[in-house]
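Residues per chain are reported as follows:
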Amino acid sequence: MALYLVTGGCGFIGSHLAAALAARGDRLRVLDDLSTGSLDNLLPGAELVQGDVADAALVRDAMQGVAGCFHLAAIASVERGVQDWLGTHRVNLTGTIAVMDAARERRVPVVYASSAAVYGDQAVLPITEDAPKRPLSAYGADKLGCEQQALVAGHVHGIPTLGLRFFNVFGPRQDPRSPYSGVISIFCDRLSRGEPVTVFGDGAQTRDFVYVADVVAALLAGMQAASVEAPVLNVCTGRATSVVELGRTIAAACGVAADIRHAPPRAGEIRHSLGNPAQARALLGLGEPARLREGLDQVVAWLRDGRPGLARQRALEAQLS
Ligand code: NAD
Ligand code: UD1
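Keep in mind the model is a prediction, meaning the values are calculated, not measured.

Enquirer: Is there a simple way to explain the overall build of the chain in this structure?
Expert: Scanning the chain for helices and strands turns up 11 helices and 13 strands. The C-alpha radius of gyration of the chain comes to 19 Å, within 12% of the 20 Å expected for a compact globule of 321 residues. For the C-alpha atoms alone, the extent of the chain along its principal axes is close to 55 × 50 × 35 Å. In the chain, the proportion of contacts linking residues at least 24 apart, taken out of those at least 6 apart, comes to 79%. Between the mean site of the 30 positive side-chain charges and the mean site of the 32 negative ones, the chain shows a separation of 2 Å.

In structure tokens:
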């Protein structure tokens, strides 16, 4: 029974990782400032260190006695990086350096969330890990900075790390009610309530949507793969879906007509994002990823249940058993 630090553990992906760590008998310390995460997503029984991941002293304390750190805390929205360049940089890059700095005394392995945003637009699809990095947004540039700092962490300080370039992650507990939320959570929420959705641009832009359970499998397996070489792997499905097609598929999953409106494209947008999952599958021993529709059905069911956080869901399950 090991103790792990999960930064961002009250967020969408962090809450799923927390549940999976607990299910295999591990203990958990969560560091989160609850800015986009919520207390309702805190795993019951987990220790909470509430505060800022860029606060070096706080992170150093939170790192005490842990077997490994999963670093997920970040401002996860590309659009917020456009609006608040410096503020998102502080959290997304300085926060990562604070985590690696705190890991250095005992060389605690760190598995951290990078992003497909490091690639920008690529001529060759699907994208393999060695493709040239051309981030188009502050968010992507900071995630690339995290990967470069991980090289320093390994080379200079002997800290084992693994970076996981998540493509577009979706699933239950992804907050649908902020303008900065992921497209699937927004579309499922609005269409299931009979409201129209807005597509930015022509909607022909494509994304590789990966279900959160597959991301958690990569995170868990990734802790053993962390090394001072600072490897990075794609976490994706190898399947592309356009935003308009997504709107239609979600409308079908909700049993409503697709009411799709258009607005101007967002700044700093990638046109096509499609990953090659082969390396991660081979190195981490991952299985076949969930189909888009399977995952969408889970999101729609979660919305129908009133969007419970992890804690409320645990309480509901306890009542039923
Ligand atoms: P999320 O917003 O649900 O989770 C982020 C968590 O970090 C939240 O609980 C938030 O409160 C916390 N946090 C934010 N700023 C903080 C700060 N200054 N100090 C401490 N905690 C802070 O987002 P998510 O989708 O779960 O993303 C998790 C990680 O995965 C992020 O690093 C994100 O960049 C990365 N990622 C996400 C996606 C995706 O599609 N969701 C894709 C690629 C990478
Ligand atoms: C997402 C993640 C980011 C991650 C990146 C990796 C979120 C909020 N962001 O960025 O953390 O690093 O994937 O690939 O999860 N769109 C609409 N209408 C809407 C909302 C979005 O048309 O109401 C479009 C956007 O313009 C974009 C696509 O849907 O073309 C996806 O947008 P979004 O879900 O915000 O994700 P990314 O910007 O791809």
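So, next bit.
Enquirer: When you look at the environment of glycine 287 in this model, what are you seeing that I'm missing?
Expert: For glycine 287, the position within the fold is in the loop between helix H9 (278-284) and helix H10 (292-304). You can call glycine 287 exposed: its relative accessible area is 56%. Along the backbone, glycine 287 and proline 135 are 152 residues apart, and their C-alpha atoms lie at a distance of 29 Å.

Enquirer: How do you make sense of the site of ligand 1 when you look at a structure like this?
Expert: Around ligand 1 sit 28 residues in total, of which Phe12, Asp32, Thr36, Tyr139 and Val169 are the nearest. In this structure, an oxygen atom belonging to ligand 1 sits 2.7 Å away from a side-chain N or O atom of tyrosine 139. Contacts to ligand 1 include valine 169, whose backbone N or O atom sits 2.8 Å from an oxygen atom. Here ligand 1 has 820 Å² of accessible area as a free molecule, and 92% of this is covered by the chains. Only helix H1 (12-23), strand S5 (110-115), helix H5 (138-157) and strand S7 (168-170) provide two or more residues apiece to the shell around ligand 1. In terms of residue count, S5 provides more of the shell around ligand 1 than any other element does, 3 residues in total.

Enquirer: Looking at this model, I keep getting lost on helix H7 (residues 212-225). Mind explaining?
Expert: Helical geometry: 3.6 residues make up each α-helical turn, so side chains three or four residues apart lie on a common side. In this model H7 runs 20 Å from its N-terminal to its C-terminal C-alpha over 14 residues, within 8% of the 20 Å that 1.5 Å per residue would give. Buried residues of H7: Val212, Val215, Val216, Ala218, Leu219, Leu220, Gly222 and Met223, and no others.

Enquirer: For this particular structure, what's the right way to read the nonpolar core?
Expert: In globular proteins that are soluble, nonpolar side chains generally tend to be buried together. One finds Leu164, Phe166 and Leu219 to be the most contacted residues of the largest nonpolar core, which totals 61 residues. If near-sequence neighbours (up to four positions away) are discounted, phenylalanine 166 is found in contact with Ile13, Leu72, Ala113, Ser114, Ser115, Ala116, Val215, Leu219 and Val235. With 28 residues, the next largest nonpolar core counts Leu5, Cys69, Ile75 and Ala102 among its residues.

Enquirer: Got a minute to help me understand the pairing of strand S4 (residues 68-71) in this structure?
Expert: Looking along a regular strand, one sees the side chains alternate between the two faces of the sheet. A two-sided burial pattern is seen for S4, the buried positions comprising Gly68 and Phe70 on one face and Cys69 and His71 on the other. Looking at chain direction, strand S1 (residues 3-7) and S4 are connected through 4 bridges and run parallel. Note on S4: the bridge partner recorded for valine 6 is phenylalanine 70. Relative to S5, S4 is paired through 3 bridges, and the arrangement is parallel. Bridge assignment links histidine 71 to a residue of S5, and that residue is tyrosine 112.

Enquirer: Before we go on, may I ask you to explain unusual backbone geometry in this structure?
Expert: Trans is the prevailing form of peptide bonds, just as negative phi is the prevailing case for residues other than glycine. Note that the residue after leucine 125, namely proline 126, is joined by a cis bond; omega there is -5 degrees. With a phi close to 50 degrees, arginine 107 is a non-glycine residue in the positive phi region. Tracing the sequence through the fold places arginine 107 in the loop between helix H4 (85-103) and S5. We note that arginine 307 has phi near 55 degrees; this positive angle belongs to a residue other than glycine. For arginine 307, a relative accessible area of 31% corresponds to the partly exposed category.

Enquirer: Mind showing me how you'd approach the side chain of serine 273 here?
Expert: For serine 273, the location among the structural elements is in the loop between strand S13 (260-263) and H9. Excluding residues that lie within four positions of it along the chain, serine 273 makes contacts with Ala116, Phe167, Thr206, Arg207 and Asp208.

Enquirer: Where do I start with the pairing of strand S11 (residues 232-235) in this structure?
Expert: Going residue by residue along S11, you find Val232 and Asn234 tucked away on one face and Leu233 and Val235 tucked away on the opposite face as well. With 4 bridges joining them, strand S6 (residues 161-166) and S11 adopt parallel strand pairing. Paired with arginine 165 across the bridge in S11 is asparagine 234.

Enquirer: So what exactly am I meant to see when it comes to the pattern of salt bridges here?
Expert: Where charged atoms of side chains with opposite charge meet at close range, the side chains can pair. Tallied over the full model, the rule gives 17 salt bridges. Here arginine 193 makes a salt bridge to glutamate 195, at a shortest N to O gap of 3.1 Å. In this structure, a network of salt bridges that share partners links the residues Arg177, Asp189, Arg190, Arg193 and Glu195.

Enquirer: Explain the sheet that holds strand S2 (residues 27-32) here, please?
Expert: Think of a sheet as strands paired side by side through backbone hydrogen bonds, with each pair either parallel or antiparallel. Spatial ordering of the open sheet is given by S3-S2-S1-S4-S5-S6-S11, a layout of 7 strands whose pairing is parallel. Looking at strand neighbours, the two that pair on one side only are strand S3 (47-50) and S11, the edges of this open sheet. If you compare each strand with its neighbour and ignore which way they point, the axes differ by 20 degrees on average. Two strands pair when backbone bridges link them, and S5 and S6 are joined in this way by 6 bridges, in the parallel orientation. Residue pairing across strands places serine 115 opposite phenylalanine 166, the latter belonging to S6. Packed onto the sheet, H5 meets S5, S6 and S11 and runs at close to 150 degrees relative to S5. Its contacts with the sheet place H7 against S1, S4, S5, S6 and S11, and it is angled at close to 160 degrees to S6.

Conventions and cut-offs
- Residues numbered from 1 in each chain as written.
- Chains lettered and ligands numbered in written order.
- Predicted model: local features only at pLDDT ≥ 70, side-chain atom pairs only at ≥ 80, totals over all residues.
- Heavy atoms only, no water.
- Helix = DSSP H or I, 4+ residues; strand = E, 2+ residues; numbered from the N terminus.
- Rg over C-alpha atoms; globule rule 2.2 N^0.38 Å.
- Contact = heavy atoms within 4.5 Å.
- Lys, Arg positive; Asp, Glu negative; His and termini not counted.
- Charge placed at Lys NZ, Arg CZ, Asp CG, Glu CD.
- Buried < 20%, exposed > 50% of the residue type's maximum accessible area, 1.4 Å probe, protein only.
- Near = heavy atom within 4 Å.
- Polar contact = N/O pair within 3.5 Å; in protein donor to acceptor, adjacent residues only side chain to side chain.
- Areas by Shrake-Rupley, 256 points an atom, 1.4 Å probe, with all protein chains shown as cover.
- Expected span 1.5 Å × (residues − 1).
- Core = buried A, V, L, I, M, F, W, Y, C linked by side-chain atoms within 4.5 Å.
- Pairing = 2+ DSSP bridges.
- Salt bridge = Lys/Arg side-chain N within 4 Å of Asp/Glu carboxyl O.
- Axes fitted to C-alpha atoms, helices over the stretch in contact; angles between N-to-C directions.

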